[in-house]
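Residue-level structure breakdown
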Amino acid sequence: MFVLSSALSQKSLPREILVLSAYILEFDQLTINDVEKVGGKNASLGEMIGNLSNLGVSVPGGFATTADAYREFLATDGLDTKINQRLAALDVDDIGELTSAGADIRRWIIETPLPPAFDDALETAFATMQGGNEGLKVAVRSSATAEDLPDASFAGQQETFLNIEGLDAVKHAVHEVFASLFNDRAISYRVHQGYAHENVALSAGIQRMVRSETGAAGVMFTLDTESGFDQVVFVTSSYGLGETVVQGSVNPDEFYVHKPTLEAGRPAVVRRNLGSKLIKMVYGRSATAGRSVDTVEVDEAERRRFSITDADVEELARQALIIERHYGRPMDIEWAKDGDDQQLYIVQARPETVASQADANVKVAYQLSQSGEVLAEGRSIGQRIATGKVRKVAGIDQMDLVQDGDILVTDMTDPDWEPVMKRAAAIVTNRGGRTCHAAIIARELGIAAIVGCGDATEKLNDGDAVTVSCAEGDTGYIYAGDLDFEKTETNIDAMPELSFKIMQNVGNPDRAFSFAQLPHEGIGLARLEFIINRMIGVHPKALIEYDQQSADVKAIIDEYINGYASPTEFFVQKLAEGIATLAAAFHPKRVIVRLSDFKSNEYAHMVGGHDYEPDEENPMLGFRGASRYIAPSMRDCFELECRAVKYVRDEMGLTNVEIMIPFVRTVDEAAKVVDLLAENGLRRGDNGLKLIMMCELPANALLADEFLQHFDGFSIGSNDMTQLTLGLDRDSAIVSHLFDERNPAVKKMLSMAIVACNRAGKYIGICGQGPSDHPDLAEWLFEQGIDSVSLNPDSVIETWERLAALEAAKG
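These lines cover the structure that appears in this document, whether it is placed above or below. (Residues numbered from 1 in each chain as written. Predicted model: local features only at pLDDT ≥ 70, side-chain atom pairs only at ≥ 80, totals over all residues. Heavy atoms only, no water.)

**Describing helix α23 (residues 667-679)**
- Over its 13 residues, α23 runs 19 Å from end to end, which matches the ideal 18 Å to within 8%, given 1.5 Å per residue.
- Within the span of α23, buried status applies to E669, A670, V673, V674, L676, L677 and A678.
- Considering only its buried residues, α23 is in contact with α21 (625-630), α22 (635-651), β26 (657-661), β27 (691-695) and α25 (704-707).
- Just downstream of α23 lies G681, where phi reads positive at about 85 degrees. (Helix = DSSP H or I, 4+ residues; strand = E, 2+ residues; numbered from the N terminus. Expected span 1.5 Å × (residues − 1). Buried < 20%, exposed > 50% of the residue type's maximum accessible area, 1.4 Å probe, protein only. Contact = heavy atoms within 4.5 Å.)

**Points about the sheet that holds strand β5 (residues 202-208)**
- Spatial strand order, β1-β2-β5-β3-β4: 5 strands in an open sheet with antiparallel pairing. Each of the sheet's edge strands pairs with one partner strand only, and the pair in question is β1 (24-26) and β4 (160-165). Across this sheet, the average inter-strand angle for adjacent strands is 25 degrees, counted without regard to direction.
- Here 7 bridges tie strand β3 (residues 137-144) to β5, and the two strands are oriented antiparallel to one another. Note that in β5 the partner of V138 across the bridge is R208. (Pairing = 2+ DSSP bridges. Axes fitted to C-alpha atoms, helices over the stretch in contact; angles between N-to-C directions.)

**With respect to the sheet that holds strand β20 (residues 465-469)**
- The mixed closed barrel is built from 7 strands, whose spatial order is β15-β19-β18-β17-β16-β20-β21. Across the sheet, the mean angle from the axis of one strand to that of its neighbour is 35 degrees, orientation sign disregarded.
- Sheet topology note: the strand β15 (residues 374-381)/strand β21 (residues 475-480) ladder contains 5 bridges and is antiparallel. Bridge pairing in β21 places R379 opposite T475.

**Side note on the pattern of salt bridges**
- Under the counting rule described, the total for this entry stands at 48 salt bridges.
- E165 is paired through a salt bridge with K137; the nearest N and O atoms lie 2.8 Å apart. Of this pair, E165 sits in strand β4 while K137 sits in strand β3, and the two are 28 residues apart along the sequence.
- Accessibility expressed as a relative area gives 31% for E165, which makes it partly exposed. (Salt bridge = Lys/Arg side-chain N within 4 Å of Asp/Glu carboxyl O.)

**A look at the environment of S369**
- As for its placement among the helices and strands, S369 is situated in the loop between β14 (362-368) and β15.
- A C-alpha to C-alpha distance of 32 Å links S369 and M399, two positions 30 residues apart in sequence.
- Once residues within four sequence positions are removed from consideration, S369 is found in contact with D484, F485 and E486.

**Re the packing of aromatic side chains**
- Within this structure, the stated rule accounts for 14 aromatic pairs.
- Here Y366 and F485 contribute two aromatic rings whose centre-to-centre distance is 6.2 Å and whose plane-to-plane angle is 35 degrees, an arrangement assigned as tilted. Here F485 lies in strand β22 (residues 485-491) and Y366 lies in strand β14, a separation of 119 residues in the sequence.
- Y366 sits in the buried class, given a relative accessible area of 15%.
- Arranged with centres 4.5 Å apart and planes meeting at 25 degrees, the rings of Y629 and F638 form a pair that is stacked. (Phe/Tyr/Trp six-rings, centres within 6.5 Å; stacked < 30°, edge-to-face > 60°.)

**Focus on the packing of helix α19 (residues 567-586) against α22**
- Here α19 crosses α22 at 50 degrees, and the two axes come no closer than 8 Å. In terms of their interaxial angle, α19 and α22 are classed as oblique. Remark: the crossing between α19 and α22 carries right-handed chirality. Facing T568, E569, F571, V572, L575, A576, I579 and A580 of α19, the residues of α22 in contact are L640, E641, R643, A644, V645, Y647 and V648.
- A class-by-class count of the residues in the contact of α19 with α22 yields 11 nonpolar, 1 polar and 3 charged. (Parallel < 35°, antiparallel > 145°, perpendicular 65-115°, else oblique. Left-handed = near helix turned anticlockwise from the far one by under 90°. Nonpolar A, V, L, I, M, F, W, Y, C, P; charged D, E, K, R; others polar.)

**Overview of the pairing of strand β29 (residues 763-766)**
- Here β29 shows two buried faces, one formed by Y763 and G765 and the other by I764 and I766.
- Judged from the 4 bridges that link them, strand β28 (residues 713-716) and β29 form a sheet pairing that is parallel. Note on β29: the bridge partner recorded for S715 is G765.
- Direction of pairing for β29 relative to strand β30 (residues 788-791): parallel, over a ladder of 2 bridges. From the neighbouring strand, I766 faces β30, where its bridge partner is V789.

**So, the state of the cysteines**
- Summed over the entire model, instances satisfying the criterion amount to 0 disulfides.
- The structure places no disulfide on C453, whose sulfur is separated from the nearest cysteine sulfur, that of C470, by 9.4 Å.
- Just so you know, C642 is unpaired, no disulfide at all, and the nearest cysteine sulfur is the one on C637, 11 Å from it.
- According to the relative accessible area criterion, C642 is buried, its value standing at 1%. (Disulfide = S-S within 2.5 Å.)

Next comes the structure, spelled out in C-alpha cells:
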C-alpha cells in the first residue's frame, strides 16, 4: 500500500479556522452519519479519510459547504417559496414544460448572491485550504442529502466542475452546483422516485484536484455490473480527467479483477478489453466553471496501449475491497491517477444501487428465437432483448421525437436525457462504456442498451424495425427486423437434491459470470474454440511467424494485438484471460478445460490460417485433437496453449482448472500428449493437476483400461461417440434421423467407459446434450454409475428439476 502524498493529504490542511461551522465542515470532520449535513458524497469522503486512510485508501482532502448553508441561501428573498410554487404546477412528463421550469429555476439560483455570512465562511475556508498557494486547483462537486442512498441512484444528476482556480471561480462553481439540483433530469427523477423537492438539500464539496489530465481516471464497481456477480472488481480507465468516462464520451479500457485471487497475493486481472480512448479531457485555459476544461484527441500510439498497468488495476482493486468491506455493500467508486506523483486516489464512493438490489434467487433469461442480419454492435448493458423502431436523435432539443417503445439511437446520452429514456425500449449509442451515466440509468430503468458502437447513427436508418440483443455476452448486437425472442423467469431458491452432479458446458467467457449463478458443480466442458475464434481471431502459427506474413496480414494482426507485448504474448494472454474468467467465475468448483479442437477447415478461416492448414475432404475425421498437438508442424502452437493454462494454474493460482484432451485415437497418442504436457510444465499430478480424456471414439471405450493408465478420468462426448459408432454424419439431413444416443450400440460403448472408470476409481462424466434431450438416458446413466452430467446452461434448471422428479417418483 502507498501512503497519501503530502501534496494531497487532508492532514496537511491547517485547522485554525475550519473546526466547526454552520456553513463549512472539513472532510476529516465528517463521517457517514453526516449525510443530512453534507450529503452522501461528501459524508462518504469524510468517512474514508477518517477510517480508511491508514488502511491504504488515498482520498484527496478538502471541505464541504453544509446543507444548512444551502437552505439559508434558498431562503434569500423567498427563493425557496418561488421554486416550490413553480414545481408544484409542473408536469414532469411534459418535456417542454420540464425544460422551461428547470431553466427558470437555475437562472434564479445563479442570479441570487450568497448570504454574507456564508460568503465570508467560504472565502476563509478556501484561503485556509490554499495555504498561500493562489494557484491551487480544486474540483467542486455536488453532494445531495438524498443522493446515493442504497436503494436509489442519483449518480450524475448534479454537476461536477474540475480545474477550478481562485476564489471567484470557486464561488461561481458553488452557485452552479446549487443550481444543478434543479437540472431537468434531477427534477424528473425525484418526482418518479417519490422524493419531495423541498426535502433534498445540496452541499458543495471543494476537493484538491488530482492531476489526472497527465495520468488517467475512471470508475470501478465491486461487482460485475451486468450479472451482479460479486467476486470481481470491474475497473474502467481512460486518459485524462475522469469526466469522459463518467459522461460516456469515450470508450474506456476495461479490466476484471478476481477478488479471492487478489487477496491470495496472486496476479488477479482475469480480463482486459482495450478501449478506443479517442479523446481525453485536460485543463483549460480558464479556471471558471463551465470553461475550465478542454477535450483533445488522444495520440494514436497511446490509444493502442492500455491507459494503466496491471499493477495499477490491482492496487485500485485493493482499495475498492477495503472500501467495500468498510461499508458492507457493493460500491460504485470514481478514481484518478496523478500524472505527477503517479499515485492512485479515490475521489468518490457511493453504494451500487442496481445489480446489488436484484433478487439473486430469481433468474431472468432472454434468448433470441430467430437469427437476423447484424446492423451494428457495441458493448451490451444488461442482458435484455428489445424490439422497436429506430429513432435517431441528434441532441437533447429533439427529445420530443422519441415515442414510447422506440429504439433511441444517438451519438451519446448523458443523464440530461433521463426524462425521455424511460420512453425508449432500448438505447443505442456511438460512444460510452459500461460505467457511464447513460449505462447506469439504463440499468436502473430496466431497459436494454448497447453503448460504444462507433457508427450506429450511420448504420441504422430512422424508422426501421430492429432488435436490440444484450443477451449474447459482452458484445451487444442490433439486428434488422423485429425478431422473436423468449423471456424466462426461474426461481432457484430451493433446487431439489440430485444423486449426481450437474455441471455446465461453457465456452463463452462473456457469459461466465451469469452462468455461474445458476446451480452447478462446476464446468464439465470449457471449450477453447470460442476464446480462440472470438477473442484472438488469428491463427497461432501466423502469430508465431509474424515476421513472415505479408504486409496486409501484418496490418490486420497489428490491430488485433494492440495493448500486448508481442504477437505470441497476445495469444497466450488472451487465451489465459478467457480460461481465467471461466475458472474465476466457477471457483472453487472444478473447471475442465478442453484444449482446442478446431478442425483444419475452421483454423483455415482465421486470419493467416489458409497458409498453414491442409485441404481435407473430411476434416471431422482429419487433422484434429491429439494428432494435431503432437505433429511437429503444430507443436509450437500447442505450446502456446500450454503456456496459457500454466499461467492460470501456477501464477494466478486457479488450480480448479483441469485439462481435457480431445479426439485421442490411440493409446500411443495418449502417452505422447501426456509427455508433451509434462515437457511444457503441465505434469499430471503436479500442483494437483488432473488430466481428463474426451471419450468420444469407439476405440476409447474398447480400450478404456489402457487409456485410463494415462488419464485421471473420462468425459464422454456423446455427439461424436454416437455418429462414429453408428457411422453417420449428424449434419446430413438424409441420415440424421438415425442419430440417437440411446441406440443400444452407443449405450454399450458408454457403459464400457463408465464401468472402466468406476473400476479404476476415476472420474466419469458426460458433456453432450443427450441427458437433457432424453430424461430416460439420464436415468440410465445414473444407474450405470455416472459421476456428472454437463449441460448447456439454458437447459440446466429444466433438466435438474426433471431428473429430480424422476428420482423422487422412484423413491
